[in-house]
Amino acid sequence: MSARRGPIVLLATLLAATAAAQEWVVDVAGDDAGPGNAEHPLRTAEGAQRRLAATLAGSRRGAHTIRFRAGVHLLTRTFAITPADVPDDGLTLAGEPGSVLSGGDPAGWEPDGRGRWRLRGRPPLALPSTGISLDLTPLPATRWPAEGGAQVAEIEVDGRLRIDPPPPPGWGELVLSHDWGTCRAWVHCDHGRIPLPAGLRWPGHEGIAASRGRQVVIDGLAMPASDRARWFVADGRLCLAAELPPPGTTWLHRLEEVLVLAGNPEAPLKGVTVSGLTIAHAAWLRPPGGLAGIQAGHVAVGGRETPVGALPGAVRLAWAQGTRLSDLRVVACDGSGIVVGAGCRGVVVERSLVEEVGGCGMVIGWRGGSGEIAALAAPWAAGGAPFGTVVRRCRVARCARLDWGSVGIADVLAEGSRIEHNLVEDLPYSGISVGFRWDTSGTTQRRTLVLGNRVQRVAQRLADAGGIYTLGWQPGTVLRGNLVEQVGRHPLAQGAPNAGLFFDNGSKGILVEGNVVARVDGESMRWNGCAPSWIILGANHMVQKDETITLPPAVAEGVGP
């Protein structure tokens, strides 16, 4: 009797589990009052999350899916998934081709009666610190001078900067470059003399201090209508430097974080998959007094006494286990792209694209986030260092638009990360950065594998950079089979030489083998504050500038996505 009932009971159990799995469809033309199926989809992500919560209140069985159809899905608040939102068998956030989660507001333009176009229906802004996009393309501010070339001529006794050549009068965001970082603050230009805001007075190191000869540009000054896709500030309003608004939708970046997947030490997030989505229009709300960039997306606000913080990430994970991000696109965001933060275990980011963001492309082990300031030297909470993160077959390009000292992929005091077969390109500073301690003190940084990546066209603006850059003692770290080429140097860059492979202060315990370095405007391999004997060197191929690159078969077959 029991033998005959066994298959029937098993089948009933399987059918019940199958029945418990549900999918909610979100369509910009849907209705949150509907059932949320393919024929009658919901309208918002928040509506789908409410349906999910109601279902889980009755039963936590099954594997559920929220599916986003093509279109720009506007978020009124950060779309945050917590352990309470995840059924026992997992949750999938899936995007169909053309589906966008947006942290922005759509805006239009109107004539202001003086030959300019301003944002329609918007109140005057004192000092905007938000980005603007045209569809999925960042809309930059006007830049003075357009091609660079201005420098600090003098720091006067009263703390003002004298710029040569003098900028035109008006409000703009001062961008002051250092050796390996930038400062940003809204200032009023007055006949070439600019006050040095408190947020820019970071005295921690001469390499990131304001001094004569530093490169200066000013964003957002009122300029002639010569650029069709740029904005400026006039009379406290955002205006367009164009005779007519360009076709498409203008988006004001509003939310600093668009998608957050976060648990906590007592209840980590498990069983979440995100695939196929585009994340766009995330903001970076800079403080009124400005900030000083330090390195790899870390910033100081208000001077030495204020702790160090970090740029927000459009996508942030914390205390997430086994989470998989695949086939994502993160674009047109002001902060960093994807941040794998404290407490994460076994997170995989694969086949994804991050481009046109203001900070780092991807970060493993970030300290800090939106609205959060954390001391750089503070240790991780027990078990808080990310472990076993994998970033593979991704493309990271044209990042660090706003913070020039940010990098493509940063591994910050994490353990067991694998950064493999990625394409990292077109950056003002370093490509891949591993470690964040300037001495040989023991940290959680260990056993990072940097394998088969292609890093090209980096160090285009700042100095002291590396195609692949390391800091601190990191036993078990391996750099193998990477191709680093076209490491440049800007004519106005100040500071130490750039390098293909750069082992900076305290770098120790790293195996380096099978890498190819070519076309470096500096040194192919450089040591600073560490001894060559601290690095375990295998066979690497350093190509001279005029030498034809012939890749070893192992590198040629395995490099890049």
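A brief structural summary.

Reading the values: rules and limits
- Residues numbered from 1 in each chain as written.
- Predicted model: local features only at pLDDT ≥ 70, side-chain atom pairs only at ≥ 80, totals over all residues.
- Heavy atoms only, no water.
- Pairing = 2+ DSSP bridges.
- Helix = DSSP H or I, 4+ residues; strand = E, 2+ residues; numbered from the N terminus.
- Axes fitted to C-alpha atoms, helices over the stretch in contact; angles between N-to-C directions.
- Buried < 20%, exposed > 50% of the residue type's maximum accessible area, 1.4 Å probe, protein only.
- Contact = heavy atoms within 4.5 Å.
- Phe/Tyr/Trp six-rings, centres within 6.5 Å; stacked < 30°, edge-to-face > 60°.
- Lys NZ or Arg CZ within 6 Å of the ring centre and 35° of its normal.
- Disulfide = S-S within 2.5 Å.
- Salt bridge = Lys/Arg side-chain N within 4 Å of Asp/Glu carboxyl O.

## Things to note about the sheet that holds strand β8 (residues 109-111)
In spatial order, the strands read β8-β9-β20-β19; together these 4 strands make up an open sheet with antiparallel pairing. Only two strands of the sheet have a single partner each, and these edge strands are β8 and β19 (231-234). Averaged over all pairs of adjacent strands, the angle between their axes in this sheet comes to 45°, without regard to strand direction. As paired elements, β8 and strand β9 (residues 117-119) share 3 bridges and run antiparallel to each other. For Glu 110, the partnering residue across the bridge sits in β9 and is Arg 118.

## Quick word on the side chain of Ser 433
Along the chain, Ser 433 turns up in strand β42 (residues 432-434). Relative accessible area serves as the criterion here: at 5%, Ser 433 is assigned to the buried category. Setting aside its immediate chain neighbours within four residues, Ser 433 contacts Val 407, Ile 409, Ala 410, Asp 411 and Tyr 469.

## Focus on the packing of aromatic side chains
Going through the model one piece at a time under the given rule, you end up with 4 aromatic pairs. Measuring from centroid to centroid gives 5.1 Å for Phe 436 and Trp 438, while their planes differ by 65°, and the two rings are edge-to-face. The ring of Trp 534 is capped by Lys 508, whose NZ or CZ atom sits 5.5 Å from the centre of that ring.

## Digging into the state of the cysteines
Per the counting criterion, the structure on display carries 0 disulfides. Looking at Cys 360, it has no disulfide partner, and the nearest cysteine sulfur is the one in Cys 399, 8.1 Å off. According to the relative accessible area criterion, Cys 360 is buried, its value standing at 0%. Classification of Cys 399 as buried rests on a relative accessible area of 3%.

## Observations regarding the pattern of salt bridges
Tallied over the full model, the rule gives 34 salt bridges. The salt bridge partner of Asp 32 is Arg 50, with a shortest N-O separation of 3.6 Å. Of this pair, Asp 32 sits in the loop between β1 (23-26) and α2 (45-58) while Arg 50 sits in helix α2, placing them 18 residues apart in sequence. The exposure class of Arg 50 is exposed, given its relative accessible area of 51%. Ionic pairing is found between Arg 457 and Asp 426, a salt bridge with its closest N-O pair at 2.6 Å. Here Arg 457, found in strand β44 (residues 454-458), pairs with Asp 426, found in the loop between β41 (423-425) and β42; they are 31 residues apart in sequence, far enough to count as distant.

Any functional reading would require information beyond the geometric quantities listed.
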